[in-house]
Amino acid sequence: MTIVEVPMGEFGVSGGGERLLLADTPSLYFRAFHGVPRSVRAPDGTAVNAVRGLLDVLARQIVELRPRRLVCCFDADWRPAFRVALIASYKAHRVADPVPAPVAVSPVADAGGVAEEVPDELEAQLPVIDAVLAAFGIARAEAAGFEADDVIATLATRHSVGRVGPVDILTGDRDLFQLVCDDAGVAVRYAVEKFALVDEASVSARYGIPGRAYADFAVLRGDPSDGLPGVAGIGAKTAAALLVRFGSLSAALAALDAGVVEGFPARAAARLHAARDYLAAAVGVVAVVRDVPLGAVSGVLPAAPVDPVGLAELTARYGLAGSVGRLTAALAAVAPA
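Quick caveat: nothing in here was measured; it's all calculated off a predicted structure. (Residues numbered from 1 in each chain as written. Predicted model: local features only at pLDDT ≥ 70, side-chain atom pairs only at ≥ 80, totals over all residues. Heavy atoms only, no water.)

### Observations regarding the overall build of the chain
Point 1. Within the chain, the regular secondary structure consists of 14 helices and 7 strands.
Point 2. Look at the contacts in the chain between residues 6 or more apart in sequence, and 70% of them connect residues 24 or more apart.
Point 3. For the chain, the accessible area works out to roughly 14000 Å², and carbon and sulfur atoms hold 58% of it. (Helix = DSSP H or I, 4+ residues; strand = E, 2+ residues; numbered from the N terminus. Contact = heavy atoms within 4.5 Å. Areas by Shrake-Rupley, 256 points an atom, 1.4 Å probe, with all protein chains shown as cover.)

### Some points on unusual backbone geometry
Point 1. A positive phi is found at Arg66, a non-glycine position, where the angle reads about 50°.
Point 2. Residue position: Arg66 is located in the loop between α2 (49–65) and β3 (69–73).
Point 3. For Arg66, a relative accessible area of 46% gives the class partly exposed.
Point 4. For Lys194, which is not glycine, the phi torsion reads 55° and is therefore positive.
Point 5. Summarising the element assignment, Lys194 is placed in the loop between β6 (186–190) and β7 (196–198). (Buried < 20%, exposed > 50% of the residue type's maximum accessible area, 1.4 Å probe, protein only.)

### Regarding the packing of aromatic side chains
Point 1. Tallied over the entire structure, the rule returns 9 aromatic pairs.
Point 2. Note on Phe82 and Phe146: the rings are 5.9 Å apart at their centroids and 55° apart in plane angle, and the pair reads as tilted. With Phe82 in helix α3 (residues 81–86) and Phe146 in the loop between β4 (139–142) and α6 (148–161), this pair connects stretches of sequence that are 64 residues apart.
Point 3. According to the relative accessible area criterion, Phe82 is partly exposed, its value standing at 32%.
Point 4. Taking the relative accessible area as the measure of exposure, Phe146 reaches 16% and is therefore buried.
Point 5. Its guanidinium or amino end placed over the ring of Phe74, Arg140 lies 3.7 Å from that ring's centre, counting from NZ or CZ.
Point 6. Over the ring of Phe246 we find Arg245, and its NZ or CZ is 4.5 Å from the ring centre. (Phe/Tyr/Trp six-rings, centres within 6.5 Å; stacked < 30°, edge-to-face > 60°. Lys NZ or Arg CZ within 6 Å of the ring centre and 35° of its normal.)

Okay, structure coming up:
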């Protein structure tokens, strides 16, 4: 487990009204790498499109949402063993050539030494991202054996339970729609749609399901991007119909076990029966872990870079003046008077 934090109390301790911004950092830097031109380079020719894209996203969202706290969450294990043990195909299509176990694990390899397929030009930028965030004093959190999604879920749950303030999750990953909860003040800002707000009403409008049922919907429908096949013969329309009728997957299965036939679309009951083993495994894969063993993470937004000398050196070396300047200005703009 690695925690980098700005000194202060843990979530839930320091008072009310403090908006928390949680960044799904791998999702954001992957999107930046593919969305910002490869021609964006440092003076020495090193690609820095992911670095600059990530910094610009953080600057814009800080100004727009005006959080008091920010944590950049990372994958310590992008393909956790507990998920692979349940469904072997989980993210299997993203695996690069295996890395021998004795080799030190890189930021894009899991604890078993299996590396995620990441373009060389992006992998070279990850240490730069780490160094720049550290120079700014922006908190970083990850936990051995878990994905960034699990860290985000844990911090969002902590913050919500403490009734400290609203939580906004910056991500391009639909998996995190399962965390949306109006009562708890948790919303997603969806990068794929220019960081559009996703709340319960949005989830319902998009998928025709109850606003908190996205995880069950993903289990039933499947998700090829994560190697999850779903239930054979049950697509998005049937999955939505089941969730509207029963409210949740567990309630639908309980009705099935009780011999209830009313409300099941044609052949859906038989298909659920046939997929019971898959469903039992998939629920554990899709559901984010909300109690990852993290230490205290303050995430208090710095008013200015904590290491201005180091940041200046990084800025000059990698040609980051514009992006660093925008993030510095954003921090100053939202700092308490």
